[in-house]
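Okay, here's what each chain looks like letter by letter:
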Amino acid sequence: MVATTLGGAARPRRRRFLAYSVPIAGWRAIRQRRYADHRKWMIRSFAMTMNTLTSRALSPIAFLLVMPRVEDKSELILSAGTLSAGLSILSLLLLSQWWLDRKPKKPATAR
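Not measured: the values here are computed from a predicted model.

**Some points on the overall build of the chain**
A tally of helices and strands in the chain yields 4 helices and 2 strands. The N-to-C order of helical and strand elements in the chain reads β-β-α-α-α-α. Within the chain, the proportion of its 111 residues that are buried is 24%. Of the contacts formed within the chain by residues at least 6 apart in sequence, a portion of 49% connects residues at least 24 apart.

What follows is the structure, given as structure tokens:
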């Protein structure tokens, strides 16, 4: 179920599926000239791309949260990596969906 890369970080197949299916959905939308849908899919694709950077930024926080509960070093690394990756993708996808669902305060005017 979990594939381990050379860096030791676990990457579930579901995340790989999302990483490939989101840009494909955006590509299909633009080919069908559905520009609003394409924009939404590309915002979600950007969130998936930023997952790597955000998970690295959340790693120290994950280590601090997991460290008191885990004694084995390899289990600590795996648990902290899994936690930071999960928090990263969840927060980015929720943030991108919020961005898409928000209502602008005032409409843009033509210049």
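**Let's talk about the side chain of Ser88**
Examined against the element boundaries, Ser88 turns out to sit in helix H4 (residues 73–101). Setting aside its immediate chain neighbours within four residues, Ser88 contacts Asn51, Thr54, Ser55 and Leu58.

**So, the environment of Leu87**
Of note, Leu87 is situated in helix H4. When its relative accessible area of 39% is taken as the criterion, Leu87 is described as partly exposed. Here the alpha-carbon distance between Leu87 and Ala62, two residues 25 residues apart in the chain, equals 9.1 Å.

**A short note on a nonpolar patch on the surface**
Residues Leu95, Trp98 and Trp99 make up a contiguous nonpolar surface patch of roughly 360 Å² in combined accessible area. Along the chain, Leu95 falls in helix H4.

**Quick look at the pattern of salt bridges**
This model, assessed by the stated rule, comprises 1 salt bridge. Close ionic contact of Asp37 with Arg34 constitutes a salt bridge, the shortest N to O distance being 2.8 Å. A residue is classified by how much of its surface remains accessible, and Arg34, at 33% relative accessible area, is partly exposed.

**Re the packing of helix H3 (residues 51–66) against H4**
Running from amino to carboxyl end, H3 crosses H4 at an angle of 130°, the nearest separation of the two axes being 7 Å. Here H3 lies oblique to H4, going by the angle between them. Considering only the axes of H3 and H4, their crossing is right-handed. Residues Asn51, Thr54, Ser55, Leu58, Ser59, Ala62, Phe63, Leu65 and Val66 of H3 lie in contact with H4, whose contacting residues are Leu76, Ile77, Ser79, Ala80, Leu83, Ser84, Ala85, Leu87, Ser88, Ile89 and Leu92.

**Thoughts on the packing of aromatic side chains**
For the coordinates displayed, the defined rule picks out 1 aromatic pair. Over the face of the ring belonging to Trp41 we find Arg44, whose NZ or CZ atom lies 4.8 Å from the ring centre.

**Considering unusual backbone geometry**
Not every positive phi belongs to a glycine, and Arg33 is a case in point at roughly 60°. Topologically, Arg33 is positioned in the loop between helix H1 (13–31) and helix H2 (35–49).

**Some words on the environment of Gln97**
Mapped onto the elements, Gln97 comes out in helix H4. Gln97 sits 57 residues away from Lys40 along the chain, and the two C-alpha atoms are 8.7 Å apart.

**Concerning the side chain of Ser45**
With respect to the helices and strands, the residue Ser45 is situated in helix H2. Contact partners of Ser45, with chain neighbours within four places excluded, come to Val22 and Pro23.

About the thresholds
- Residues numbered from 1 in each chain as written.
- Predicted model: local features only at pLDDT ≥ 70, side-chain atom pairs only at ≥ 80, totals over all residues.
- Heavy atoms only, no water.
- Helix = DSSP H or I, 4+ residues; strand = E, 2+ residues; numbered from the N terminus.
- Buried < 20%, exposed > 50% of the residue type's maximum accessible area, 1.4 Å probe, protein only.
- Contact = heavy atoms within 4.5 Å.
- Patch = residues over 30% accessible without salt bridge, like charges linked within 9 Å, V, L, I, M, F, W, Y side chains within 5 Å.
- Areas by Shrake-Rupley, 256 points an atom, 1.4 Å probe, with all protein chains shown as cover.
- Salt bridge = Lys/Arg side-chain N within 4 Å of Asp/Glu carboxyl O.
- Axes fitted to C-alpha atoms, helices over the stretch in contact; angles between N-to-C directions.
- Parallel < 35°, antiparallel > 145°, perpendicular 65-115°, else oblique.
- Left-handed = near helix turned anticlockwise from the far one by under 90°.
- Phe/Tyr/Trp six-rings, centres within 6.5 Å; stacked < 30°, edge-to-face > 60°.
- Lys NZ or Arg CZ within 6 Å of the ring centre and 35° of its normal.

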